[in-house]
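Notes for the structure review
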Amino acid sequence: CTSYMITRIQEKEFLVTGPGNLAIFVTGEGTSQRPPIQLTANLYRIIYSNPYVIGLSPESILVYSLQDGKVKQGLSYPGGRCLGIYDGTILVSASSQMSALLPIPWQTQAENLLRNENVSDVLELLNSLHISSDEAISKAQVMRQRAGFVFLSKGQLTKAREVLIQARVDPREIIALYPDVRSPNSRFVPATPPLHNIPDISSVKPSEGEPDVHQFLLQYLLDIADIEQVEGSTETKNTILETHEEVVHTSIVKLYTFFYPEKVEQFLKKETILLDHEDLLEFFQNRDFLHFQALLHEKLNETKESLSLWSSLISGHSVDPFFPGIDFVVRKLCVLEADYCWTYCHQILEADQIQGVNIFIKHQMALDTDFIDTALDILRKFRDARRIYLEHLVLVQKSQVEQHHNLLALMLIEDCKNNSESSEKLRNLILSSNYLNMHFLLDKLRGTALHYESAILLGRLSRYGEALQLLINQLGDHDLAQTFCDDIAKTLDRKAKEELMFQLLSIYLNPVEPSKKEEFLVK
């Protein structure tokens, strides 16, 4: 005959055994809200004692977890006949004896489980506790921290991070495992008794699919730095981190240099972080991270120190693979006082005139007259940069200073010998500028091959006849003469255009050499 058992779990919930030794939880409404438990055969008594279901068989007593349905403990008890709870005490009897089952204190259970590295069972036990005293809560927290370190030692890094955060472990306990991250000047003393037996992080081998040990630490630190509320608690991150924000943020910077160097600058800009500046400077110096060292000086408002480091990198006296280059320093200088610009621009221009000139073009004082004069004086030694700067002043900034226009024209005249692009720029400048000293430039062009440029200078001076004589009679270039008329006429009023046309016709109708009259008429 098959016997079935039923025992009360809580109000309106029962555990009922059925065929196949399957125990099913049933509510008063006939529904089940928990997964069933597969019992061992030959049980003929079951009782419930939170958080366990205890069963009696002819040879033993078995203890099942209500959480996962697994057997957590077995006790030999031959001949057992009766099992029950009487006045809160579990009693079991055989034909000739009666015994009491006394629960082992949870601390002892947790210690035994941790000793055997049964961390999942430890966490299950801790989650089932209903404790209120500060001492018990503190002990449970330590047990949870130890469980987290067991996960870490086994290489189960994701689970370790989750448990260690929940257990509110002192982050220095974890950082201390990393020789390349912890501060050499740290006075931190690990907990006594120790929370783990890990010598250092090199002994931890991540399980398959788990992150690198340094990535684990970075994610852990980012989690506790950004955490807003702990599960089941109203305490904020300031309570969790307490006095450890400095070491947490400092360690994050160090780890960023290893894995995400592009994030260091943005992180250092945060106003809410606390850093151990001496430790970080030493860390950067020992690894030749000069760019990051400069960024830290910048954060500390030590502008001269940061610019000196960047200057040494630009000059090539020092090397740092993380240095973003000249343009980065140019952008920094553009928002600083002009004195810094004058001090450090020479090394930048010597390294790269094209990028270096942007110090003056994009500087916050770029429109200041004294600034412009000083910049032009410095750029005397840097010809390419000076020409670019003058082009910016005249063509972009629309300078109305005659000297700027004349200087640019003179530089373009020199460049025209080997550069057709400069010749085109010079022509456009002569045709568009109202601030050129035309007479001065004519003298400079005398004896050169820049005949068309001389012609349009004459044209700007309304000396159309001279210009056309040069192009038609001296050069014999009728197409160029036509181009000249088109270019000059764009800015002339009606009367001036009529004068230009009159001069053109006069030259064709009255050639210097009579033999060319017929040819000119055809033209």
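Owing to the predicted nature of the structure, the values given are computational and were not obtained by experimental measurement.

**Let's talk about the overall build of the protein**
Summing up its helical and strand segments, the protein has 26 helices and 11 strands in all. The globule rule puts the C-alpha radius of gyration for 523 residues at 24 Å, and the 44 Å found for the protein is more than 25% above it. By residue count, 45% of the 523 residues in the protein fall in the buried class. Summed over its atoms, the accessible surface of the protein is roughly 28,600 Å², and 48% of this surface lies on carbon and sulfur atoms. For the protein, the separation between the mean place of its 50 positive charges and that of its 69 negative charges on side chains is 2 Å.

**Notes on the packing of helix α22 (residues 451-460) against helix α24 (residues 478-489)**
For the pair α22 and α24, interaxial distance at closest approach is 11 Å and the crossing angle is 40 degrees. Classified by the angle between their axes, α22 and α24 sit oblique to one another. Crossing angle aside, the handedness with which α22 passes α24 is right-handed. Of the residues in α24, those touching α22 at Tyr452, Ala455, Ile456, Gly459 and Arg460 are Leu480, Thr483, Phe484, Asp487 and Ile488. For the contact of α22 with α24, a count of residues per class yields six nonpolar, two polar and two charged.

**Topic: the nonpolar core**
In this structure, Leu217, Phe360, Tyr389 and Phe484 are the most contacted members of the largest nonpolar core, which totals 137 residues. Looking at this core element by element, the count peaks at nine residues for helix α6 (residues 213-226). Apart from residues no more than four positions distant in its own chain, Phe484 is found in contact with Tyr452, Ala455, Ile456, Gly459, Ala467, Leu468, Leu471 and Leu500.

About the thresholds
- Residues numbered from 1 in each chain as written.
- Predicted model: local features only at pLDDT ≥ 70, side-chain atom pairs only at ≥ 80, totals over all residues.
- Heavy atoms only, no water.
- Helix = DSSP H or I, 4+ residues; strand = E, 2+ residues; numbered from the N terminus.
- Rg over C-alpha atoms; globule rule 2.2 N^0.38 Å.
- Buried < 20%, exposed > 50% of the residue type's maximum accessible area, 1.4 Å probe, protein only.
- Areas by Shrake-Rupley, 256 points an atom, 1.4 Å probe, with all protein chains shown as cover.
- Lys, Arg positive; Asp, Glu negative; His and termini not counted.
- Charge placed at Lys NZ, Arg CZ, Asp CG, Glu CD.
- Axes fitted to C-alpha atoms, helices over the stretch in contact; angles between N-to-C directions.
- Parallel < 35°, antiparallel > 145°, perpendicular 65-115°, else oblique.
- Left-handed = near helix turned anticlockwise from the far one by under 90°.
- Contact = heavy atoms within 4.5 Å.
- Nonpolar A, V, L, I, M, F, W, Y, C, P; charged D, E, K, R; others polar.
- Core = buried A, V, L, I, M, F, W, Y, C linked by side-chain atoms within 4.5 Å.

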